[in-house]
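Below are the chains, spelled out letter by letter.
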Amino acid sequence: MSYGPIGGRFLDHADFALLLARADSLGVPIYIHPNWPSPQAVEVWYDGLGDKLVGKILGGPGYGWHQEVALQCLRLIASGTFDRFPRLQIVVGHMGEGLPFWYWRVGEDLDRIAKKKLRKPVQRYFREDLWITTSDFFRDGVLALALATLGEDRIMFSVGYPVASAKAGAGWIRAADLPQATKENIAHGNARRLLGIGSA
């Protein structure tokens, strides 16, 4: 697990090539968790609102956390990192940190300029190199969007405890209007497959 930028650098930076190579060779995923923005980002984007706490929440769980992780994932795609490390798998939480919303726009616009550089269409990286969890986003509409973009085989149930209620999360996925096989994939099947956990 990593927490946002490390020393001000995202994972696509050359400094992390050995780490990514090891994850690639071992076939183990890396989870990118959000972190508080840098002082420079706070000054430019989240200060000047008349209330430091409002700026802090806007820069954190209210928006900024998610956008920074999404950007890091998009940089991994655009930089060709997944091409250099074809077994590398990245996991992000919060129903994809906004990535399902941007799937079509990013896929179409970025593809126009990146297709000569990348080995596959941008949207395929979403579906083949990224995984998302449901943590803290127990909303049917957001899940429907994630299913429409990434597909049921790339979504894993999680809660985000202690911030979110495990009881509420479990109740939500049980009540979701989905085929039983899809629920089982999301609830445990996909995680077993990604982490190489055999059936008990």
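Since we're looking at a predicted model, the values are computed, not measured.

Caption draft 1: Molecular detail of the packing of aromatic side chains. Under the criterion given, the structure shown has 7 aromatic pairs. With 5.4 Å between their ring centres and 90 degrees between their planes, Tyr103 and Trp104 make a pair best called edge-to-face. Residue Tyr103 is classed as buried on the basis of its relative accessible area of 7%. With relative accessibility at 40%, the residue Trp104 sits in the partly exposed group.

Caption draft 2: Representation of the environment of Thr81 within the structure. Secondary-structure assignment places Thr81 in helix α5 (residues 81-84). For Thr81, a relative accessible area of 1% corresponds to the buried category. In sequence terms Thr81 and Leu20 are 61 residues apart; their C-alpha atoms lie 8.8 Å from each other.

Caption draft 3: Spotlight on the sheet that holds strand β3 (residues 90-92). With parallel pairing, 5 strands are arranged side by side in an open sheet as β1-β2-β3-β4-β5. Only two strands of the sheet have a single neighbouring strand rather than two, namely β1 (2-3) and β5 (155-156). Pairing of β3 with strand β4 (residues 130-133), which is carried by 3 bridges, proceeds in the parallel orientation. By the bridge assignment for β4, Ile90 is matched with Leu130.

Caption draft 4: Quick peek at the packing of helix α6 (residues 99-114) against helix α7 (residues 122-129). One way to put it is that α6 packs onto α7 with a least axis distance of 7 Å and a crossing angle of 140 degrees. Between α6 and α7, the angle is such that the two are oblique. Along its contact with α6, which presents Leu99, Tyr103, Trp104, Val106, Gly107, Leu110 and Asp111, the element α7 presents Val122, Gln123, Phe126 and Arg127.

Caption draft 5: Spotlight on the pattern of salt bridges. Per the counting criterion, the structure on display carries 8 salt bridges. Salt-bridge contacts for Arg9 lead to Asp15; the nearest nitrogen and oxygen are separated by 3.3 Å. Relative accessible area serves as the criterion here: at 36%, Arg9 is assigned to the partly exposed category. In this structure, the salt-bridge partner of Asp109 is Arg112, at a minimum N-O distance of 2.7 Å. On the criterion of helical spacing, the pair formed by Asp109 and Arg112 is a turn pair, its members being 3 residues apart in helix α6. Given a relative accessible area of 31%, Asp109 falls into the partly exposed group. Salt bridges linked by common partners bring Lys120, Arg124, Glu128 and Asp129 together as one network.

Caption draft 6: Representation of the nonpolar core within the structure. Among the nonpolar cores identified, the biggest contains 38 residues, and Ile77, Ile90 and Phe126 are the most heavily contacted of them. Leave out the neighbours within four places in its chain, and Phe126 touches Leu74, Ile77, Leu99, Tyr103, Val106 and Leu150.

Caption draft 7: Quick peek at α6. For α6, which comprises 16 residues, the first-to-last C-alpha distance of 18 Å sits more than 12% below the rise-based estimate of 22 Å (1.5 Å per residue). Looking at α6, one finds that the buried residues are Leu99, Pro100, Tyr103, Val106, Gly107 and Ala114.

Caption draft 8: Broad picture of the side chain of Asp12. Within the element layout of this structure, Asp12 appears in the loop between β1 and α1 (17-26). A polar contact of 2.9 Å, which involves the side chain of Asp12, links it to the side chain of Arg75. What Asp12 contacts, discounting residues up to four positions off in sequence, is Arg75, Leu76, Ser79, Thr81 and Arg84.

Caption draft 9: Examining the environment of Lys167 more closely. Turning to its location among the elements, Lys167 is positioned in helix α9 (residues 166-175). Judged by relative accessible area, Lys167 falls into the exposed class, the value being 73%. Sequence spacing of Lys167 and Pro34 is 133 residues, and the spatial spacing of their C-alpha atoms is 23 Å.

The rules behind the values
- Residues numbered from 1 in each chain as written.
- Predicted model: local features only at pLDDT ≥ 70, side-chain atom pairs only at ≥ 80, totals over all residues.
- Heavy atoms only, no water.
- Phe/Tyr/Trp six-rings, centres within 6.5 Å; stacked < 30°, edge-to-face > 60°.
- Buried < 20%, exposed > 50% of the residue type's maximum accessible area, 1.4 Å probe, protein only.
- Helix = DSSP H or I, 4+ residues; strand = E, 2+ residues; numbered from the N terminus.
- Pairing = 2+ DSSP bridges.
- Axes fitted to C-alpha atoms, helices over the stretch in contact; angles between N-to-C directions.
- Parallel < 35°, antiparallel > 145°, perpendicular 65-115°, else oblique.
- Contact = heavy atoms within 4.5 Å.
- Salt bridge = Lys/Arg side-chain N within 4 Å of Asp/Glu carboxyl O.
- Core = buried A, V, L, I, M, F, W, Y, C linked by side-chain atoms within 4.5 Å.
- Expected span 1.5 Å × (residues − 1).
- Polar contact = N/O pair within 3.5 Å; in protein donor to acceptor, adjacent residues only side chain to side chain.

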